[in-house]
Amino acid sequence: MIRTLPESLLRGCWLEIDLSAIRDNVVSAKTAAPEQKIMAIVKANAYGHGDVPVAFQALDAGADMLGVSGVDEGENLRRAGIDAPILVLGGMPFGLEDDVVRLSLTQAVYTPEHIRLLEAAAERLGADAYVHLKLDTGMGRIGVRGREELQSVMREIEKSPRVKLTGAFTHFADSDNPKDDSYTKMQLSRLKDMLSFLPDGITVHAANSAAIYRYNEAHMDMVRLGITMYGYDPTGVGLIDVRPAMEWKALITHIKEIDAGEAVSYGCIFRAGRKTRVATVCCGYADGYHRLATGKGSVLVCGKRAPIIGRICMDQMMIDVTDIPECACNQAVTLLGRDGNEAITADDIAGWAETISYEIICAPSLRVKRLYRIGGRLVENPFKCQG
Ligand SMILES: *Cc1c(COP(=O)(O)O)cnc(C)c1O
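Calculation rules
Position numbers for residues count from 1 along each chain, tracking the sequence in the order it is written. Residues qualify for local features only when their pLDDT is at least 70, as the model is predicted, and side-chain atom pairs are given and counted only at 80 or more; totals for whole chains, interfaces and linings, by contrast, use all residues. Processing note: side-chain calculations cover all non-hydrogen atoms of the structure and skip hydrogens and water entirely. Any residue with a heavy atom lying within 4 Å of a molecule or strand is counted as near it. Side-chain atoms alone can form a polar contact between residues adjacent in sequence; in general such a contact is a pair of N or O atoms within 3.5 Å, and within protein one must be able to donate a hydrogen while the other accepts it. Only protein atoms enter the 1 Å grid used here, on which a cavity is any set of points holding a 1.4 Å probe that cannot leave and a pocket is any open set flanked by protein within 12 Å on both sides along at least five of seven lines; residues with an atom within 4 Å of a point are listed as lining. Cavity and pocket membership follows a simple rule, namely that a molecule belongs there if more than half of its atoms are within 2 Å of the grid points. For this classification, the nonpolar set comprises Ala, Val, Leu, Ile, Met, Phe, Trp, Tyr, Cys and Pro, the charged set comprises Asp, Glu, Lys and Arg, and every other residue, Gly included, is treated as polar. Each domain's extent was defined by an automatic or database domain assignment. Any two of the Phe, Tyr and Trp rings considered here, Trp counted by its six-membered ring, make a pair once their centres fall within 6.5 Å; the pair's planes then place it as stacked at under 30 degrees, edge-to-face at over 60, or tilted in between. By the criteria applied, helices consist of DSSP H or I runs no shorter than four residues and strands consist of E runs no shorter than two, each listed in order from the N terminus. The contact rule is simple, with two residues in contact once any of their heavy atoms fall within 4.5 Å. Three exposure classes are used, based on accessible area relative to the maximum for each residue type with a 1.4 Å probe and protein chains only: buried under 20%, partly exposed in between, and exposed over 50%. A pair of strands counts as paired when DSSP detects no fewer than two bridges linking them. Residues grouped as a nonpolar core are buried Ala, Val, Leu, Ile, Met, Phe, Trp, Tyr and Cys residues, joined through side-chain atoms within 4.5 Å. Only one rule defines a salt bridge in this text: a Lys or Arg side-chain nitrogen within 4 Å of an Asp or Glu carboxyl oxygen.

*Asks:* Looking at this model, I keep getting lost on the site of the ligand. Mind explaining?
*Replies:* Around the ligand, a shell composed of I41, K43, Y47, L89, R141, H171, N208, S209, R224, G226, I227 and Y358 is seen. Here R141 contributes a side-chain N or O atom positioned 3.5 Å from an oxygen atom of the ligand. Between the ligand and S209 there is a distance of 2.6 Å, counted from an oxygen atom to a side-chain nitrogen or oxygen. According to the grid-proximity analysis, the pocket containing the ligand is the largest pocket. For the shell around the ligand, the residue count by class is five nonpolar, four polar and three charged.

*Asks:* I keep staring at the domain arrangement of the chain and nothing clicks. Help me out?
*Replies:* A common way to report how large an interface is uses the accessible area buried once the components associate. Per the domain assignment, the segments of the chain are domain 1 (19-230) and domain 2 (246-355). With centres defined by C-alpha atoms, the gap from domain 1 to domain 2 works out at 40 Å.

*Asks:* Can you help me understand the packing of aromatic side chains in this one?
*Replies:* Given two aromatic rings, one states the distance between the centres and the angle between the planes to describe the pair. Counted by the stated rule, this structure contains three aromatic pairs. Between Y47 and Y230, the ring centres sit 4.5 Å apart and the planes meet at 20°, which makes this aromatic pair stacked. Of the two residues, Y47 sits in helix α2 (residues 43-47) while Y230 sits in the loop between β9 (222-225) and β10 (246-258), which places them 183 residues apart along the sequence. Both rings, one in W248 and one in Y289, keep their centres 5.7 Å apart while their planes meet at 55°; by these two values the pair is tilted. On the criterion of sequence distance, the pair formed by W248 in strand β10 and Y289 in the loop between β13 (276-281) and β14 (298-301) is long-range, its members being 41 residues apart.

*Asks:* Looking at this structure, how should I read the side chain of D18?
*Replies:* Looking at the element boundaries, D18 is found in strand β1 (residues 13-18). If we skip the residues at most four places from it in the chain, D18 touches R243, A245, R373, I374 and G375.

*Asks:* When you look at unusual backbone geometry in this model, what are you seeing that I'm missing?
*Replies:* Peptide bonds are mostly trans, and most non-glycine residues show a negative phi. Even without being glycine, Y47 reaches a positive phi, approximately 50°. Of note in this structure, C268 is not a glycine but carries a positive phi near 50°. Of note, C268 is situated in the loop between β11 (263-264) and β12 (270-271). Residue class for C268 comes out partly exposed when judged on its relative accessible area of 40%.

*Asks:* Please clarify how the pairing of β1 should be interpreted in this entry.
*Replies:* On a regular strand, each side chain points to the face opposite its neighbour's, so the side chains alternate between the two faces of the sheet. Of all six residues in β1, six are buried; the element is thus mostly enclosed. Covered by surrounding structure in β1 are C13, L15 and I17 together with W14, E16 and D18, the residues of both alternating faces. Sheet analysis places β1 next to β10, joined by five bridges and oriented antiparallel. When the sheet's bridge partners are listed, W14 is paired in β10 with K249. Sheet topology places β1 next to strand β19 (residues 369-374); five bridges connect them, and they run parallel. From the neighbouring strand, D18 faces β19, where its bridge partner is R373.

*Asks:* Help me understand the nonpolar core, please; the structure alone is not making it clear to me.
*Replies:* Note that soluble globular proteins tend to have their nonpolar side chains buried in a common cluster. Residues V42, L133, L135, M229 and Y289 are the most contacted members of the largest nonpolar core, which totals 116 residues. Mapping this core onto the domain boundaries places at least three of its residues in each of domain 1 (19-230) and domain 2 (246-355). Residue contacts for L133: discarding those within four places in its chain leaves V109, Y110, V144, L150, V153, M154, L165, G167, A168, F169 and L198. Ranked by size, the runner-up nonpolar core spans eight residues in total, among them V264, V278, I309 and M318.

*Asks:* Help me out: how do you make sense of the environment of R377 in this one?
*Replies:* As for its placement among the helices and strands, R377 is situated in strand β20 (residues 377-379). Note: C-alpha distance between R377 and D18 (359 residues apart in sequence) is 9.0 Å.

*Asks:* I keep staring at the pattern of salt bridges and nothing clicks. Help me out?
*Replies:* Any two side chains of opposite charge can pair, on the condition that their charged atoms come close. In the structure shown here, the tally under the stated rule is 28 salt bridges. Among the salt bridges present, the one from R243 reaches D24, with a minimum N-O distance of 2.5 Å. Of the two residues, R243 sits in the loop between β9 and β10 while D24 sits in helix α1 (residues 19-32), which places them 219 residues apart along the sequence. Between R274 and D320 there is a salt bridge; the shortest N-O distance is 3.2 Å. Taken together, the residues span a long stretch of sequence, with R274 in the loop between β12 and β13 and D320 in strand β16 (residues 317-320) at a distance of 46 residues. Residue classification places R274 among the partly exposed positions, given a relative accessible area of 36%. You can call D320 buried: its relative accessible area is 12%. In this structure, a network of salt bridges that share partners links the residues R11, D287, D315 and R367.

Okay, structure coming up:
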């Protein structure tokens, strides 16, 4: 079969990821925390941006370590040839300890059971198991809570010659709250208390993106760079100067005119109030575009804003282009990103869909191809490519 479109565009719905923005946002974090190491968080397919290209770019921009949510994500990076240190931030399901050791991942641990399993795996494989101790200072998710639990895990580590404790960390629950510092300060003081029971010389880290920019006292030895590397300010008040790396585009597959009173899409919740020029766009909720944006959202075409009309479907959505006569079939619309003087950010879509920017950029599904740019130029092979 001869294809006239590049394979990446076959679906008519794609992401353009600007790796230069990732690079600049890493540099911004390095400026905010100049003395510290940087862990680039590339969990969840690098917040939807593509884990391998983002990991290479972040390391090239000066990141020292990578953070993933699970062993599978670490394995994906190792398969791509990444040999930088990788921390598995999430809990380890029992049974994966051999993989942790085999892949030379560093695992977050918080119970004596973890240590016993990893020691046995390391013994079997004739290697060492690297761990960072997770401390729960108030997030209430995973981690050692309080001195007694800390001491029992530490006793197990001391009995385990192949388990190497190389770091300890905690996670903030409220560091992005620009109105109230008290909970983060409380977590910092619990962290300091727990650190007094830990050996010297390990890498201590606490700061997520918000804390990198808002709490110098939380910088410790390393900072964990997440959402701001992708260009979004978690405080939502424009404190942090970074630029989005992701743009989301889709083609118009049909244009027609409907009369006043005609309905569009499921449930007929939209009725045209005038003669309306309707364009159909090949992107829907199965691509990861939130159906909750129905009735509120818009897209950009020809540098202008076109409202989404009717319910967002699984694979398609309709927009009102009555006031954009120059727009034509097979043209690209911008769902997320900039077109001329107009821009739609993940915070905008999050507002329509009643969620946060994080969920919007994680949402594009795997059938939406990721294309990569460095500066203005599309790059064929973003893997290993240097800025
Ligand atoms: C996801 C995550 C981060 C990054 O958080 P951002 O708010 O995106 O910077 C840091 N640490 C842990 C443990 C995480 O799970």
